[in-house]
Amino acid sequence: MATHDGGPEKCALLTDELGFDAAIDYRTDDVGKALRRHAPDGIDVYFDNVGGDILDAALTRLAMHARVVVCGAISQYNNATPVKGPSNYLTLLVRRARMEGFVVFDYAKRYPQAAQDISAWIAAAVPSGPGCGPL
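In this report, the structure presented in the accompanying data block is examined. (Residues numbered from 1 in each chain as written. Predicted model: local features only at pLDDT ≥ 70, side-chain atom pairs only at ≥ 80, totals over all residues. Heavy atoms only, no water.)

This part takes up the sheet that holds strand β3 (residues 43-48). One key point about sheets: their strands pair by backbone hydrogen bonds, in either a parallel or an antiparallel sense. Strand order in the open sheet formed by three strands is β3-β4-β5, and the pairing between neighbours is parallel. If you trace the sheet from one side to the other, it starts and ends with β3 and β5 (98-101), each paired once. Pairs of neighbouring strands in the sheet enclose a mean axial angle of 10 degrees, with direction left out of account. Strand direction decides the pairing type here: strand β4 (residues 62-70) and β5, joined by four bridges, are parallel. Counterpart to R67 in the pairing with β5 is R98. Here helix α3 (residues 52-59) sits on the sheet and contacts β3, β4 and β5; the angle it forms with β3, its principal contact strand, is near 170 degrees. (Pairing = 2+ DSSP bridges. Helix = DSSP H or I, 4+ residues; strand = E, 2+ residues; numbered from the N terminus. Axes fitted to C-alpha atoms, helices over the stretch in contact; angles between N-to-C directions. Contact = heavy atoms within 4.5 Å.)

With that out of the way, let us pick up unusual backbone geometry. Its identity as a non-glycine residue notwithstanding, H65 has a phi of 60 degrees, on the positive side. Take H65: its relative accessible area is 55%, and that puts it in the exposed class. At R96, a residue that is not glycine, the phi angle is positive and equals roughly 55 degrees. Tracing the sequence through the fold places R96 in the loop between α4 (90-94) and β5. According to the relative accessible area criterion, R96 is exposed, its value standing at 52%. (Buried < 20%, exposed > 50% of the residue type's maximum accessible area, 1.4 Å probe, protein only.)

Here the focus is the pattern of salt bridges. This model, assessed by the stated rule, comprises two salt bridges. A salt bridge links D53 to K84; its shortest N-O distance comes to 2.3 Å. Remark: K84 occurs in the loop between β4 and α4 and D53 occurs in helix α3; sequence separation between them is 31 residues. Here K84 falls in the partly exposed class, since its relative accessible area comes to 38%. For D56, the salt bridge identified is with K84, shortest N-O distance 3.6 Å. Taken together, the residues D56 in helix α3 and K84 in the loop between β4 and α4 connect sequence positions 28 residues apart. (Salt bridge = Lys/Arg side-chain N within 4 Å of Asp/Glu carboxyl O.)

Within soluble globular proteins, side chains that are nonpolar generally end up buried alongside one another. Residues L35, I43, Y46, L62 and V68 are the most contacted members of the largest nonpolar core, which totals 18 residues. Sorting the residues of this core by element identifies α2 (31-38), β3, α3 and β4 as the ones contributing at least two each. Sort the elements by how many residues they give to this core and α3 lands first, with five residues. In contact with V68, other than residues within four places in its own chain, are Y46, L55, L59, L62, L92, R98, M99 and E100. (Core = buried A, V, L, I, M, F, W, Y, C linked by side-chain atoms within 4.5 Å.)

On to the packing of aromatic side chains. A complete count under the given rule lists two aromatic pairs for this structure. Ring centres of F47 and F102 lie 6.2 Å apart, and the angle between their planes is 65 degrees; on these two criteria the pair is classed as edge-to-face. Placement of F47 in strand β3 and of F102 in the loop between β5 and α5 (111-123) is noted, with a sequence separation of 55 residues between them. Classification of F102 by relative accessible area gives partly exposed; the value is 28%. An aromatic cluster is built from F47, F102 and Y107, whose rings are joined through pairwise contacts. (Phe/Tyr/Trp six-rings, centres within 6.5 Å; stacked < 30°, edge-to-face > 60°.)

Structure below.
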């Protein structure tokens, strides 16, 4: 499992404390090269909260039947120019992949259970990241 973030401290937190296999610093690393290195067989699931060039780089690395979950596009929110859509979207076709939006409000009925679960994780000092159980 790999992730990307900005800054060496955040990347160290992800790998050293939260157990990710790799972290890519999008500010200093060539994201495309880093994705090739850390996902040589392709990306099976990509959770996108950034959009723009980062999403485009991830799309070029999709595995067959990959799933792309779009939850945000922080790189596009303050643009003075029109929002940039993915230019590598044909990879979805070639790799028979799916891209689908994810909006937290769709799960509003589950908020109380999520609050209980997250509170328990915090109380137990267990990270609320990947592999910590379903909400």
